[in-house]
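Close look at the chain arrangement
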Number of protein chains: 2
Amino acid sequence: MITCPAPLPAKDRILLGHGSGGKLSAELLRDVFLPVFRGKVLARLEDQAVFAIGGERVAFTTDSFVVKPLFFPGGDIGSLAVHGTINDLAMGGAEPLFLSAAFIVEEGFAIAELGRIAASMAAAAEAAGVEIVTGDTKVVEKGKGDGVFINTTGLGRVAAGVNLSAAAARPGDQVLLSGHIGDHGIAILAAREELGIDAPVESDSAALHTLVRDMLRVSGDVRCMRDPTRGGLSSTLNEIAAQSGVGIEVHELAIPVREAVRGACELLGFDPMYVANEGKLVAIVRAESAGAVLGAMRAHPLGRDAAIIGEVTDRHPGMVTMRTAFGTTRIVDMLTGDQLPRIC
Amino acid sequence: MITCPAPLPAKDRILLGHGSGGKLSAELLRDVFLPVFRGKVLARLEDQAVFAIGGERVAFTTDSFVVKPLFFPGGDIGSLAVHGTINDLAMGGAEPLFLSAAFIVEEGFAIAELGRIAASMAAAAEAAGVEIVTGDTKVVEKGKGDGVFINTTGLGRVAAGVNLSAAAARPGDQVLLSGHIGDHGIAILAAREELGIDAPVESDSAALHTLVRDMLRVSGDVRCMRDPTRGGLSSTLNEIAAQSGVGIEVHELAIPVREAVRGACELLGFDPMYVANEGKLVAIVRAESAGAVLGAMRAHPLGRDAAIIGEVTDRHPGMVTMRTAFGTTRIVDMLTGDQLPRIC
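Thresholds applied
Residues numbered from 1 in each chain as written. Chains lettered and ligands numbered in written order. Predicted model: local features only at pLDDT ≥ 70, side-chain atom pairs only at ≥ 80, totals over all residues. Heavy atoms only, no water. Helix = DSSP H or I, 4+ residues; strand = E, 2+ residues; numbered from the N terminus. Rg over C-alpha atoms; globule rule 2.2 N^0.38 Å. Buried < 20%, exposed > 50% of the residue type's maximum accessible area, 1.4 Å probe, protein only. Contact = heavy atoms within 4.5 Å. Areas by Shrake-Rupley, 256 points an atom, 1.4 Å probe, with all protein chains shown as cover. Axes fitted to C-alpha atoms, helices over the stretch in contact; angles between N-to-C directions. Parallel < 35°, antiparallel > 145°, perpendicular 65-115°, else oblique. Nonpolar A, V, L, I, M, F, W, Y, C, P; charged D, E, K, R; others polar. Least-squares fit on C-alpha atoms with pLDDT ≥ 70 in both. Buried area = accessible area lost by both parts, 1.4 Å probe. Salt bridge = Lys/Arg side-chain N within 4 Å of Asp/Glu carboxyl O. Pairing = 2+ DSSP bridges. Right-handed = clockwise from strand over helix to strand, strands pointing away. Phe/Tyr/Trp six-rings, centres within 6.5 Å; stacked < 30°, edge-to-face > 60°. Disulfide = S-S within 2.5 Å. Polar contact = N/O pair within 3.5 Å; in protein donor to acceptor, adjacent residues only side chain to side chain.

Turning our attention to the overall build of chain A. Summing up its helical and strand segments, chain A has nine helices and 14 strands in all. Expected size for 344 residues packed as a compact globule is a radius of gyration near 20 Å; at 20 Å, chain A falls within 12% of this value. In terms of principal-axis extent, the alpha carbons of chain A reach across some 65 × 50 × 45 Å. Across the 344 residues in chain A, those meeting the buried criterion constitute 62%. Here the contacts in chain A between residues at least 6 apart in sequence split such that 83% fall between residues at least 24 apart. Of the roughly 12900 Å² that chain A leaves accessible, carbon and sulfur atoms contribute 53%.

Where helix H4 (residues 111-128) of chain A contacts helix H1 (residues 23-33) of chain B, the axes come no closer than 10 Å and their chain directions differ by 55°. With respect to their mutual orientation, H4 of chain A and H1 of chain B come out oblique. Listed contacts from H1 of chain B to Ile111, Leu114, Gly115 and Ala118 of chain A of H4 of chain A are Leu28, Val32 and Phe33 of chain B. Of the residues contributing to the contact of H4 of chain A with H1 of chain B, the split by class is six nonpolar, one polar and no charged.

On to the relation of the copies chain B and chain A, then. When chain B is fitted to chain A, the residual RMSD is 0.0 Å, and the transformation amounts to a turn of 180° plus an axial shift of 0.0 Å. Both copies of the chain, as the preceding transformation shows, are related through a two-fold rotation axis. Rotation axis and chain B: the residue whose C-alpha lies nearest the axis is glycine 145 of chain B, separated from it by 2.2 Å. The share of interface residues of chain B whose copies in chain A are also at the interface is 100%, consistent with both copies meeting through the same surface.

Time to look at the interface of chain B and chain A. Tallying the contact residues gives 78 residues for chain B and 78 residues for chain A. Taking both partners together, chain B and chain A bury about 6600 Å²; carbon and sulfur atoms supply 70% of that area. The largest contributions to the chain B side of the interface with chain A come from Ile14, Ile111 and Lys138 of chain B, which together make up 10% of the buried area. Counting the contacts that link chain B with chain A gives eight salt bridges. A salt bridge links aspartate 63 of chain B to lysine 138 of chain A; its shortest N-O distance comes to 2.8 Å. Going through the elements one at a time, H1, helix H2 (40-43), strand S1 (49-53), strand S2 (56-65), strand S5 (94-106), helix H4 (111-128), strand S6 (131-140) and strand S7 (148-158) of chain B are the ones with two or more residues in the side of chain B that touches chain A. Across the side of chain B that touches chain A, the residue classes break down as 41 nonpolar, 17 polar and 20 charged.

Two orientations exist for strands paired in a sheet by backbone hydrogen bonds: parallel and antiparallel. Residues and elements named next belong to chain B. Taken in spatial order, the five strands line up as S1-S2-S7-S5-S6 in an open sheet, and their pairing is mixed. At either margin of the open sheet sits one strand with a lone partner, and together these are S1 and S6. Between one strand axis and the next, the sheet turns by 20° as a mean value, whatever way the strands run. Judged from the five bridges that link them, S1 and S2 form a sheet pairing that is antiparallel. Bridge pairing links alanine 49 to phenylalanine 60 in S2.

With that settled, consider the pairing of S6 of chain B. Across the ten residues that make up S6 of chain B, a large majority, eight, are buried. Traced from S5 of chain B through H4 of chain B to S6 of chain B, the parallel crossover comes out right-handed.

Our focus in this paragraph is the packing of aromatic side chains. Taken as a whole, this structure holds nine aromatic pairs over all chains when the rule is applied. Geometrically, the ring pair formed by phenylalanine 149 of chain A and phenylalanine 149 of chain B is tilted, given 6.5 Å between the ring centres and 45° between the ring planes. With phenylalanine 149 of chain A in strand S7 (residues 148-158) and phenylalanine 149 of chain B in strand S7, this pair bridges two chains. You can call phenylalanine 149 of chain B buried: its relative accessible area is 1%. Relative to phenylalanine 60 of chain B, the ring of phenylalanine 51 of chain B lies with its centre 6.1 Å away and its plane at 70°, an arrangement referred to as edge-to-face. For the pair phenylalanine 51 of chain B and phenylalanine 60 of chain B, a shared accessibility class is recorded, and that class is buried.

Applying the stated rule across the entire model yields zero disulfides over all chains. Free cysteine cysteine 344 of chain A: the closest other cysteine sulfur is in cysteine 265 of chain A, separated by 17 Å.

Moving on: the side chain of lysine 138 of chain B. Residue position: lysine 138 of chain B is located in strand S6. Here the side chain of lysine 138 of chain B touches aspartate 136 of chain B through a polar contact of 2.9 Å, side chain to side chain. When sequence neighbours within four positions are dropped, the list of residues in contact with lysine 138 of chain B reads Asp63, Ser64, Val66, Arg230 and Cys344 of chain A together with Phe103, Ile104 and Val105 of chain B.

Listed below in structure tokens is the structure:
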């Protein structure tokens, strides 16, 4: 008699939501990766590792990009891969210096498209003042990949005295946001033609390191910066609340959302708080310096629409709440599941 | 009337051979990537970028791993991803320090297998004395990936006075090889059950940095080191010959090949010179110091079967020739096409 093994329950298999940057991603990190990768640097759970080499503090971060489609309004997988990794360095206050670029290409992919993507990466890197210094290309059989996946890993330098951390938020601090949320996610969705949405929205994909530089220049009171990518603003705020052991209260009316993004979200049943951004940052700043930092943000092209959207509190530690447009208060949880797979 | 675009000719599309580490890979680099990524560091075409940060020389290298199957005799994709990137650092004479790890997982993959792979990475990193400090996980839909792909990017420190380069070989130099060739490629092939080969061969996957350290300790006359992975020994020797503008002559009888590897190659019509290795290195050493370096290699567990396999010559610059077992001489070209896709 042949006995078949019982099929693996769904909870024992990887779901799309494990890549969403929300609750399932956090569980995977907690249950699978952190127990085996026990290094102290990784355990800090910042967007970038920071360690000393010689006399310098070096920041190091990695990201793979699997965005679909490869080309979308406002960018493509190449520029996104450069901006995304620059931003993960910048969120640690690092000056980005060098990037690696590794491609996993599906057999049959057009070489001309690969060239277009490479040219876009090169242009994005040059505009940002970083150099792509090393690379790799692998090819997988047709049907074992999806066009092209790109990994970029970045190296940067952290100036003395800069110590940003998602664990550094303190009650009384102000929560600053650099501009409109949801543009990237909705632009990607609209570019997936099968959805039949026609939202006039471009991805906000951009390199944020000069905005960060200008913010740090006016004040030493920036405690933490994060870019709300996968999982959106709500997931990022939840991470900060959890890692700092504080509550965060935001005001719905203070959060900039474009009309087109709001409209698309209503149509699709999405909440802009969970939609990805690729050119925005959240900063936690001591109240005394919030005005000065906000001024520096608004003086930069990528922070023109910056706003103070809330404050850190000692009530409900680890939780994020929102004062809604109707004057009620609701809990803003991390993303559960995955409403928008493969947006980066 | 609807006009269809003509289908793209095959030569305009990515082939499996573009990932082989042979001629097509070199063409892709030359025609697609180098024209847009014009940085001086990349243009050196070493296995790792080396630049200064503060007072230190830092080595930086990236590799994605798409090996199939994920588990094979002698290792798995996790240990391979750690060893491969450590070795790319070591070939530049760098002491490996930190690694990033980025996963692209296919929806439906068993979480327990991902855990097994992560544990294998952690064990390989710990054994090698390097720390995995940052990571990323993305998920793609079922049928858009193949189990798991892993990118590792590595950082290391290059000691003062160490200047290894594939452009540094000079006529008269000796060619040293650290052991048997072809083990990894044949182990992978045998593990692909559909081939029905039953070769008792384990992958040689190993971290070579302590072997390199011991070699550099005995002599300052090591000019160049390379690990002959994709494309095998022949492709590596061709790269050195081309970049140094020299000829290389090797002696077939001096090149260690295990009986089981030789047998499997005969069966499959492969040449061991083109079969991948993941724990071997080639060193180009000034003749005066070749004996001392060979002694240091043989004293290390990973260099026990090291041998001098040939010499650098000023005849036929850019070409590799082999004196065969029959006393004839033949040209050893780079790998063309791809006999063994996805071996790393």
